[in-house]
Amino acid sequence: MAINPKKHEMPTQDAKVRARNFSEVALGYTEEMAISEANRCLNCKNKPCVAGCPVNINIPDFITLVKQGDFEGAYKVIAQTSSLPAVCGRVCPQETQCESKCTLGIKFEPVGIGRLERYVADWHNANAKEGGEKPQSNGHKVAIVGSGPSGLTCAGDLAKKGYDVTVYEAFHVAGGVLVYGIPEFRLPKSIVAKEVEGLKALGVKVETNVVIGKTLTVDELFDMGFEAVFIGSGAGLPNFMGIPGESLKGVYSANEFLTRSNLMKAYRENPDTPIMKGGNVAVVGGGNVAMDAARTALRLGAEKVYIVYRRSMDELPARKEEVEHAQEEGIEFKLLCNPVEILGYNNPENPRDEKNGFVTGMRCVKMELGEPDAKGRRRPVVIPGSDFEIKVDTVVMSIGTSPNPLIKDTTEGLEVNAHGGIVVNEEGLSSKQGVYAGGDAVTGAATVISAMGAGKTAAAAIDKYLSNK
Amino acid sequence: MYKIATKKMLNSTVCQMEIEAPLVANKAKPGQFIILRVDSEGERIPLTIAGCDKVRGTVKIIFQIVGATTEKLNHKKQGEFIQDFVGPLGKATETEGIKKVCIVGGGVGCAIAMPVAEEFHRLGAEVTSIIGFRNKDLVILEDEFKACSDKLVVMSDDGSYARQGNVTVPLKEMLEAGEKFDMVITIGPLIMMKFVVLTAKEFGVPVTVSMNPIMIDGTGMCGGCRLTLNQDGKKVTKFACVDGPDFNGYEVDFDEAMSRGRMYFGFERHAHEETCNLFKKAEGGNN
């Protein structure tokens, strides 16, 4: 049987239509597509894809079951190692992980592993009878700080082993970056809620509105009887460029812009939480978060949305798929371009003019790529005299974050590095006994799946630590 | 869900509630704040803590009904619940080494100034309080201030109560008369705090101001609460939620803070009107 050299395309909403709504962009495979795509898998001996997965999902096994139409069986294989399959099937950068290692990929396009994972997880969520049984308790209590991808993964793995797990979340809803950061059109919030419900069914307790470092400290968690603590508190403080005009009205961090829209539902009609909509929007940065912010701005009703990035398309750190989606939707990429000042309205005649202090534009310079830097990326250099202005009403700064100081400042003996990231060993253990950490709180801004991998590693280490105690 | 243990109107537009939140009450210190949501669709708003009762596990909040969210909150009755209540956030007011303090509160800001005054009184500092209101009907917490202040001056803008004038008038008189405060702490409208800073600065007295900007998470994540400080000629961006809410008044860029505070002015005015209309309709329907 000849193998189809190409992956089955993912059905998506039409670009023009989806650019103006918040419904999910990718619609998911049908059963026929899933089985047909699964049949592209060679079931090769070496299984290089498994090593490419940060949580080591047994990929060929689940794909084999998909071939046979046993979707629940396939789900069980994935669920052995992944706590959030429906999330990973949507937001993992498979093209640089499992799929990049696929044997079929040497000659053809690799197997669409991510798309199959999504199909299986969605099938389970739609069809499975509820009530996976609660594991027998082993009597050990573990606290998890933060309910993002690392925390939920760590919680899930420990709960499956019988630990009594409590997750503390600062916001009013669980999910961390999966609910405040990644937009509805990429990851519907109902899916995140479902995954959290799944963990609760395993016995995981979720306490919202608790800020560890403020409401309770890490040391108090030990006083309360927890024997180990996992810190997955995420990245934290947004970075700004330090250019004039960043305090003008209409300048947001990507965190704020996305949180207003995603978590606080400012995209809905008559929201309680305001957000600036419409006009022209510039998003500064080139990562996945920048793509999310740009596409959100478009859906909120912007006339024109720019991605402003100081390097070229080749260096753009966002996933290729996200960049393509953004381009299809009409987002304009201003590459090799860097802002130097944000301009605002000022009526000197009337200090009470309501428009005073709002953004009107952005002054940028053109860049060219010079010598490679320490990381091997070519350093962007300003082209002298290349200043130009673009007319914008909103600017979203999406240039990374710095770790949050709340836990570091209130936890004695917790070592952090020069960037404020928590220092851990290869098992996720920090400098403080019984305290483990992972995800962005350790590495700075990274991916959902790498955070999940860290949560998984720490869960195994916590299990080892408490079993030997 | 968090129960409203008590509710009391302090004047026609200022409401006081005690909310059952034992974990917050256990930790709260003067100067810190909480974030609440009234209902499951609600926005997150920061309110500075006006006191707490560790035994009963309650946290006192005092708010002025100025927008849609405070309007909704005010429609909640004693014994009812609010959706979310998280804290204590921000840093507590610095009290160390301050033996003689002047607390300057304006309007509903007095609600936050009061626990600070109480804390200094408890610590044995000499407390002078200056509290100002627009008019007689808006005066709140006078007895509470009296109880914790060695000296209390009440001002009203229109002269309808106590002495007429701004809070800066008695402050300036005291400083001119040679009062030596270790610190002036001011909490109230931005424009008032700006002028308190200017007044105290003339005499070289340090001023702490309590900032209450627009916020979402209150934990340093969104950066919406950022403000600019001028430190040694350099502009420095700080986040009120984790670096504050108290700041050195000499350094704060008040004009920028005032401008940023009006970012959603149009939205809020509209939302408040809508909410009021909804409540009016609902009440009309009951008749």
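Residues numbered from 1 in each chain as written. Chains lettered and ligands numbered in written order. Predicted model: local features only at pLDDT ≥ 70, side-chain atom pairs only at ≥ 80, totals over all residues. Heavy atoms only, no water.

Draft legend 1. Region of the structure containing the interface of chain B and chain A. With 43 residues of chain B at the interface, the matching set in chain A holds 44 residues. Approximately 3500 Å² of surface area, both sides summed, lies buried where chain B meets chain A, with 56% of it carried by carbon and sulfur atoms. On the surface where chain B and chain A come into contact, there are 3 salt bridges. As a salt-bridge pair, Arg268 of chain A and Glu41 of chain B come within 3.3 Å of each other at their nearest N and O atoms. Summed over the shared surface of chain B and chain A, the number is 21 residue pairs in polar contact (both at pLDDT 80 or more). Element by element, the count of residues in the side of chain B that touches chain A is highest for strand β7 (residues 84-89) of chain B, at 6 residues. Looking at the side of chain B that touches chain A residue by residue, the classes come out as 16 nonpolar, 11 polar and 16 charged. (Contact = heavy atoms within 4.5 Å. Buried area = accessible area lost by both parts, 1.4 Å probe. Salt bridge = Lys/Arg side-chain N within 4 Å of Asp/Glu carboxyl O. Polar contact = N/O pair within 3.5 Å; in protein donor to acceptor, adjacent residues only side chain to side chain. Helix = DSSP H or I, 4+ residues; strand = E, 2+ residues; numbered from the N terminus. Nonpolar A, V, L, I, M, F, W, Y, C, P; charged D, E, K, R; others polar.)

Draft legend 2. Quick look at the packing of helix α6 (residues 190-202) of chain B against helix α8 (residues 254-261) of chain B. Residue and element names in this part refer to chain B. Following both chains from N to C, one finds α6 and α8 inclined at 175°, their axes separated by 10 Å at the closest point. It follows that α6 is roughly antiparallel to α8 by the angle criterion. Counted together, Leu190, Ile191, Met193, Lys194 and Val197 of α6 and Phe254, Asp255, Ala257 and Met258 of α8 form the full contact between these two elements. The residue makeup of the contact of α6 with α8, split by class, is 7 nonpolar, no polar and 2 charged. (Axes fitted to C-alpha atoms, helices over the stretch in contact; angles between N-to-C directions. Parallel < 35°, antiparallel > 145°, perpendicular 65-115°, else oblique.)

Draft legend 3. Inspection of the sheet that holds strand β9 (residues 126-133) of chain B at higher detail. Residues and elements named next belong to chain B. Pairing is mixed in the open sheet, where 7 strands are placed in the order β11-β10-β9-β8-β12-β13-β16. For this open sheet the edge positions go to β11 (163-164) and β16 (246-248), each flanked by a neighbour on one side alone. Sheet topology places strand β13 (residues 207-210) next to β16; 3 bridges connect them, and they run antiparallel. If you follow Val209 over to β16, its bridge partner there is Phe247. Its contacts with the sheet put α6 on β8 (100-106), β12 (183-187) and β13, and the angle it makes with β12 is roughly 165°. (Pairing = 2+ DSSP bridges.)

Draft legend 4. Layout of the domain arrangement of chain A. All names here are of chain A. Domain boundaries assigned for chain A yield domain 1 (15-127), domain 2 (141-236 + 402-467) and domain 3 (240-399). Between domain 1 and domain 2, the C-alpha centre-to-centre distance is 26 Å. Contacts between the two partners involve 22 residues from domain 1 and, on the opposite side, 22 residues from domain 2. For the pair domain 1 and domain 2, the summed buried surface comes to about 1900 Å²; carbon and sulfur atoms form 69% of the total. Of all residues in domain 1, Ser83, Leu84 and Val91 give up the largest surface area on contact with domain 2, accounting jointly for 30% of the area buried on that side. Linking domain 1 with domain 2 are 0 salt bridges, by the criterion used here. Tallying contributions element by element places helix α6 (residues 85-91) first for the side of domain 1 that touches domain 2, with 6 residues. (Domains from an automatic or database assignment.)

Draft legend 5. Quick peek at the domain arrangement of chain B. Residues and elements named next belong to chain B. With domains assigned, chain B is organised as domain 1 (2-89) and domain 2 (100-210). Taking only C-alpha atoms, the centre of domain 1 and the centre of domain 2 are 24 Å apart. If you look at the interface, domain 1 gives 13 residues, while domain 2 gives 12 residues. Both faces combined, the contact of domain 1 with domain 2 buries some 1000 Å², and carbon together with sulfur accounts for 69% of it. Between domain 1 and domain 2 we count 0 salt bridges in total. Our count for the domain 1 to domain 2 interface comes out at 1 residue pair in polar contact (both at pLDDT 80 or more). At the level of elements, β4 (45-53) and β5 (58-64) are the ones that each hand at least two residues to the side of domain 1 that touches domain 2. At 4 residues, the largest contribution of residues to the side of domain 1 that touches domain 2 is made by β4. Here the residues of the side of domain 1 that touches domain 2 are counted per class, giving 7 nonpolar, 6 polar and no charged.

Draft legend 6. Molecular detail of the sheet that holds strand β5 (residues 251-253) of chain A. Residue and element names in this part refer to chain A. Spatially, 5 strands are ordered β5-β13-β6-β7-β8 in an open sheet, and the strand pairing comes out parallel. With one partner strand each, in any of the chains shown, β5 and β8 (332-334) form the two edges of the open sheet. Sheet twist, expressed as the mean angle between neighbouring strand axes with direction ignored, is 25°. For strand β6 (residues 280-284) and strand β7 (residues 304-308), the ladder comprises 5 bridges, and the chain directions are parallel. Along β7, the bridge assignment pairs Val281 with Val305. Contacts from helix α13 (residues 254-262) reach β5 and β13 (394-397), with the element oriented near 85° to β5. This element, helix α14 (residues 288-299), spans β6, β7, β8 and β13 of the sheet and lies at about 170° to β7.

Draft legend 7. Quick look at the packing of helix α4 (residues 59-67) of chain A against helix α8 (residues 113-127) of chain A. All names here are of chain A. It is the contact of α4 with α8, at a shortest axis distance of 11 Å, that shows an interaxial angle of 60°. With respect to α8, the element α4 is oriented oblique. When you trace α4 past α8, the crossing you get is left-handed. Mapping the contact onto sequence places Ile59, Phe62, Ile63 and Val66 in α4 and Ile113, Leu116, Glu117 and Val120 in α8. For the contact of α4 with α8, the per-class residue count stands at 7 nonpolar, no polar and 1 charged. (Left-handed = near helix turned anticlockwise from the far one by under 90°.)

Draft legend 8. Layout of helix α5 (residues 71-81) of chain A. Burial of α5 of chain A is extensive: 8 of the 11 residues sit out of reach of the surface. Where the residues of α5 of chain A are buried, they touch α2 (31-38), α4, α6, α8, α9 (149-160) and α18 (448-467) of chain A. (Buried < 20%, exposed > 50% of the residue type's maximum accessible area, 1.4 Å probe, protein only.)

Draft legend 9. Highlighting the pairing of β5 of chain B. All names here are of chain B. For β5, a buried count of 5 out of 7 residues is recorded, marking the element as mostly surrounded by other parts of the structure. With 7 bridges joining them, strand β2 (residues 14-20) and β5 adopt antiparallel strand pairing. The residue bridging Met17 from the neighbouring strand is Ile61, located in β5. As defined by bridge partners, β4 adjoins β5 across 4 bridges and the pair is classed as antiparallel. What sits directly across from Gly51, in β5, is Lys60. The turn linking β4 back onto β5 is made up of 4 residues, and Gly57 within it adopts a positive phi angle of 70°.

Draft legend 10. Focus on the environment of Leu116 of chain A. Residues and elements named next belong to chain A. If you trace the backbone, Leu116 turns up in helix α8. Along the primary structure Leu116 and Ile35 are separated by 81 residues, whereas in three dimensions their C-alpha atoms are 8.8 Å apart. Non-local contacts of Leu116, meaning those with residues more than four positions away in its chain, are made with Tyr29, Ala34, Glu37, Ala38, Phe62, Ile63, Val66 and Val111.

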